[in-house]
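# Structure assessment
Spelled out, the chains give:
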Amino acid sequence: MVVAVTAAEETREFEEHFDRTIAREQRIEPRDWMPGGYRKTLIRQISQHAHSEIIGMQPEGEWITRAPSLRRKAILLAKVQDEAGHGLYLYSAAETLGADRDELTDMLIDGRQKYSSIFNYPTPTFADVGVIGWLVDGAAICNQVPLCRSSYGPYARAMIRICKEESFHQRQGYELLMTMTRGTTAQRAMVQDAVDRWWWPSLMMFGPPDDASPNSARSMAWKIKRHSNDELRQRFVDMTVPQAEALGVRLPDPDLRWNDERGHHDFGRPDWDELKRVISGDGPCNAERIAVRRAAHEDGAWVREAAAAHAAKQAERARGAVA
Amino acid sequence: MSDNPYEALSGEGDARWAFGTGFTDPLAGVDTGVPDGVDGSDLATYCLMLGDDALIMSHRLQQWCTRAPELEEEVALANIALDLLGQARLLLARAGQSDGSGRDEDSLAFLRDAPEFRNVRLAEEANGDFARSMARLLVFAVWRLALLDRLAGSRDPVLSAVAAKGVKEVTYHRDYAAGWVVRLGDGTPYSRERMREGLEAVWPLVTELFTPHEVELRLAAAGVAVDPSELRAEFDAVLDQVLGAAGLARPRAVPGLGGRAGGGNARGRHGEHTAELDDVLAEMQTVPRALPGATW
């Protein structure tokens, strides 16, 4: 039977099927029809996430060669390697939507795509390695665990593995801080100083407040995103306060206190102007982070070209051998 | 999956984690007595030689981190650096244990000065470009694999265990480096030139790899160590195979090339190093030396 349908009717059918799939909590897969906006939103989010993993290698990566024990060196090297792996999975997930890794890399180093602003802060001491693990990876986990149920299959599956590894990193960071706070006075001061510097930027990792987050509502309707920025931020604060007490460090917020009525901690307002400045390129390390990434990409161009030329020659030789 | 991000962090013990969070003795379960007829101080020196080779080579590979030509190379180079770091930790721990000094891996890594390091000078050379780094890694891995392969039969149970583990790891390192030497040698005219220059740059340091130190000879005679001069034939055969596939000629030995040619003197094994090792140590040892008494 041939059913004549107009293009408009066909699109409507696709849309209804897509909406039903989302409503039933099933996954959208690469070959499924999806609205252009859904695809575009996902490519933007996944590639920013991939860029964040790759740029995020730098602040801690700087400490690998200077790690103060061989055990910490091995842990840190493995962690930074995991981040490269996360970047790879995520670029692959973006490629299932028709994006191209090389183009995404160009967009990163040209400043056309963003990465998490947290990585534009410096890491002046080894305590930063521990605090990044505890607070930054902790905030990342709060953001990312709900993404394991994201409606787009390849993204959700990548996030499951990434979250497992991030949990491990957080645990290692916390354990480093535990060791340091039980060490010398100088080490305890180093940890407190790092907490003072990273606390507010970590709260900013959840993004602007809900009433100022333009893309959130649609992403939640599409079930790409599951919780609002403010919900996740609150969850992070509630989880972190008892951990700070166990470590014996002070979180630098005079307004931070338990609110019995709400059943949550009240806390101060992050400096949203600072977040805007850092996102727009004016953070302490924005230029340096991009310069390092650009240098690696450009200095490696001849190596990638050589690999491609060799592969082409090999293919040519194989054809010659067959003929 | 639960939405509680911290659930995975608590209450499940260490078993599921790759590293765990406990401090375990890397030599647990292996008989760590010094074998009969073997001088503990010789054994410690030999462990420092092989351990320092791995530690310093790992450091040079760590310096590629965030600078590699492709993300896959970031992962691979970190992997190789981690393997070598793991070998170094076991060997340094063995050194501190067999000389009776009780020094642990960290005091040996961070509190010795350059003349006390026993690594071959090949390991301490600065990275140069990717081709030169791959030339060095190929030479290092071909030599070390031949060495570990024989060392797996050592009378010392610790060295034997470390070598057996290392053989699997360094087999991959050798494959990885050989793959890039072939790709760059065969790739474009530019990459071919870079590869040729990279090989020429590391070649003067090759002779040293096969020149035995007296400790190596004594321990080899006791069935504990490997006499490096026995590795040359295997090294040459493998190198020729890789260079043949890459379409590259083996660099000629150039006698009297500055201070680096070194003739037959095993300088690194005697604690004689280039200024490049000072650079490595300045970077590697900075924090522990600045904060004595700190625990990490």
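Everything numeric in this text was worked out from a predicted model, so none of it was measured.

Time to look at the overall build of chain A. Along the backbone of chain A there are 13 helices and two strands. Considering only C-alpha atoms, chain A reaches an extent of 75 × 60 × 30 Å along its principal axes. Of the contacts formed within chain A by residues at least 6 apart in sequence, a portion of 76% connects residues at least 24 apart. Accessible surface for chain A amounts to roughly 14000 Å². Of this, 53% is attributable to carbon and sulfur atoms.

On to the packing of helix α1 (residues 40–62) of chain B against helix α8 (residues 214–221) of chain B. Residues and elements named next belong to chain B. In the contact formed by α1 and α8, the axes pass within 10 Å of each other and the chain directions differ by 115°. Seen from above, α1 lies across α8 with left-handed handedness. On α8, the residues that touch D42, L43, T45, Y46 and M49 of α1 are V215, E216, R218 and L219.

What follows is about the interface of chain A and chain B. Note: interface size is frequently given as the accessible area lost on complex formation between the parts. Taken together, the contact pairs 68 residues of chain A with 64 residues of chain B. Buried surface at the junction of chain A and chain B, summed over both partners, amounts to about 5700 Å²; 69% is from carbon and sulfur atoms. Put simply, chain A and chain B have four salt bridges between them. A salt bridge links B:D186 to A:R317; the nearest nitrogen and oxygen atoms lie 2.7 Å apart. Counting across the interface, chain A meets chain B through 13 residue pairs in polar contact (both at pLDDT 80 or more). Those elements giving two or more residues to the side of chain A that touches chain B turn out to be α3 (57–61), α4 (70–95), α6 (127–144), α7 (153–181), α8 (185–204), α10 (229–247), α12 (286–299) and α13 (301–322) of chain A. When residues of the side of chain A that touches chain B are assigned to their parent elements, the largest contribution, 13 residues, is made by α4(A). Of the residues assigned to the side of chain A that touches chain B, the class counts are 35 nonpolar, 18 polar and 15 charged.

Counting 183 residues, the largest nonpolar core has A:Y38, A:W134, B:Y46 and B:F130 as the members making the most contacts within it. Top contributing element to this core by residue count: helix α5 (residues 130–151) of chain B, with 16 residues. Look past the residues within four positions of A:Y38 in its chain and what remains in contact with it is A:F18, A:I22, A:I28, A:S151, A:Y152, A:W222 and A:I224.

With that settled, the discussion passes to unusual backbone geometry. Trans is the prevailing form of peptide bonds, just as negative phi is the prevailing case for residues other than glycine. Positive phi values are uncommon outside glycine, yet A:E25 reaches one of about 65°. Its place among the elements puts A:E25 in the loop between α1 (7–23) and α2 (36–55). A relative accessible area of 39% means that A:E25 is categorised as partly exposed. In this model, B:T66 sits at a positive phi of 70°, which is unusual for a non-glycine residue. Mapping B:T66 onto the fold places it in the loop between α1 and α2 (71–98).

Residue and element names in this part refer to chain A. With 18 residues, α6 should cover 26 Å at 1.5 Å per step; its first-to-last C-alpha distance of 24 Å lies within 8% of that length. Along its length, α6 shows its largest kink, about 30°, at G133. For α6, the buried fraction is high: 17 of the 18 residues fall into the buried class.

With that settled, consider the packing of aromatic side chains. If you walk through the whole model with that rule in mind, you get 17 aromatic pairs over all chains. Consider the rings of A:F18 and A:Y38, whose centres lie 4.9 Å apart with planes at 80°: the pair is edge-to-face. Placement of A:F18 in helix α1 and of A:Y38 in helix α2 is noted, with a sequence separation of 20 residues between them. Each member of the pair, A:F18 as well as A:Y38, carries the same accessibility label: buried. Relative to B:Y190, the ring of A:W302 has its centre 5.6 Å away and its plane inclined at 80°; by these criteria the two rings are edge-to-face. Of this pair, A:W302 sits in helix α13 while B:Y190 sits in helix α7 (residues 189–202), placing the two residues on different chains. A relative accessible area of 14% places A:W302 in the buried class.

Residues and elements named next belong to chain B. If you trace the backbone, D52 turns up in helix α1. The class of D52 is buried, set by a relative accessible area of 0%. Discounting residues that sit within four places of it in the chain, D52 has contacts with M57, L92, R112, E116, F117, R118 and N119.

What follows concerns the pattern of salt bridges. A complete count under the given rule lists 42 salt bridges over all chains for this structure. For A:K79, the salt bridge is made with A:E60, and the minimal N-O distance between the two is 2.8 Å. Of this pair, A:K79 sits in helix α4 while A:E60 sits in helix α3, and the two are 19 residues apart along the sequence. You can call A:E60 buried: its relative accessible area is 2%. One salt bridge connects B:R150 with B:E234, and the closest N-O pair in it is separated by 3.0 Å. Pair noted here: B:R150 is in helix α5 and B:E234 is in helix α9 (residues 232–246), with a separation of 84 residues, a long-range link.

The next thing to look at is the environment of A:L247. All names here are of chain A. Its place among the elements puts L247 in helix α10. Put simply, L247 and L177 are 70 residues apart on the chain and 7.4 Å apart in space, counted from C-alpha to C-alpha. With residues near it in sequence (within four places) discarded, L247 still touches W134, Y174, L177, M178 and T181.

As a further point, take the confidence of the model for chain B. Residues and elements named next belong to chain B. Looking at chain B, pLDDT values average 90 and 86% of them are 70 or higher. Residue range residues 256–263 is modelled with pLDDT below 50. Its contacts to residues more than four positions away, or to other chains, number 15 contacts. If you check the scores for this complex, the pTM reads 0.92 and the ipTM reads 0.93.

Cut-offs applied
- Residues numbered from 1 in each chain as written.
- Chains lettered and ligands numbered in written order.
- Predicted model: local features only at pLDDT ≥ 70, side-chain atom pairs only at ≥ 80, totals over all residues.
- Heavy atoms only, no water.
- Helix = DSSP H or I, 4+ residues; strand = E, 2+ residues; numbered from the N terminus.
- Contact = heavy atoms within 4.5 Å.
- Areas by Shrake-Rupley, 256 points an atom, 1.4 Å probe, with all protein chains shown as cover.
- Axes fitted to C-alpha atoms, helices over the stretch in contact; angles between N-to-C directions.
- Left-handed = near helix turned anticlockwise from the far one by under 90°.
- Buried area = accessible area lost by both parts, 1.4 Å probe.
- Salt bridge = Lys/Arg side-chain N within 4 Å of Asp/Glu carboxyl O.
- Polar contact = N/O pair within 3.5 Å; in protein donor to acceptor, adjacent residues only side chain to side chain.
- Nonpolar A, V, L, I, M, F, W, Y, C, P; charged D, E, K, R; others polar.
- Core = buried A, V, L, I, M, F, W, Y, C linked by side-chain atoms within 4.5 Å.
- Buried < 20%, exposed > 50% of the residue type's maximum accessible area, 1.4 Å probe, protein only.
- Expected span 1.5 Å × (residues − 1).
- Bend = angle between axes of the 7 residues up to and from the residue.
- Phe/Tyr/Trp six-rings, centres within 6.5 Å; stacked < 30°, edge-to-face > 60°.
- pLDDT = per-residue confidence, 0-100.

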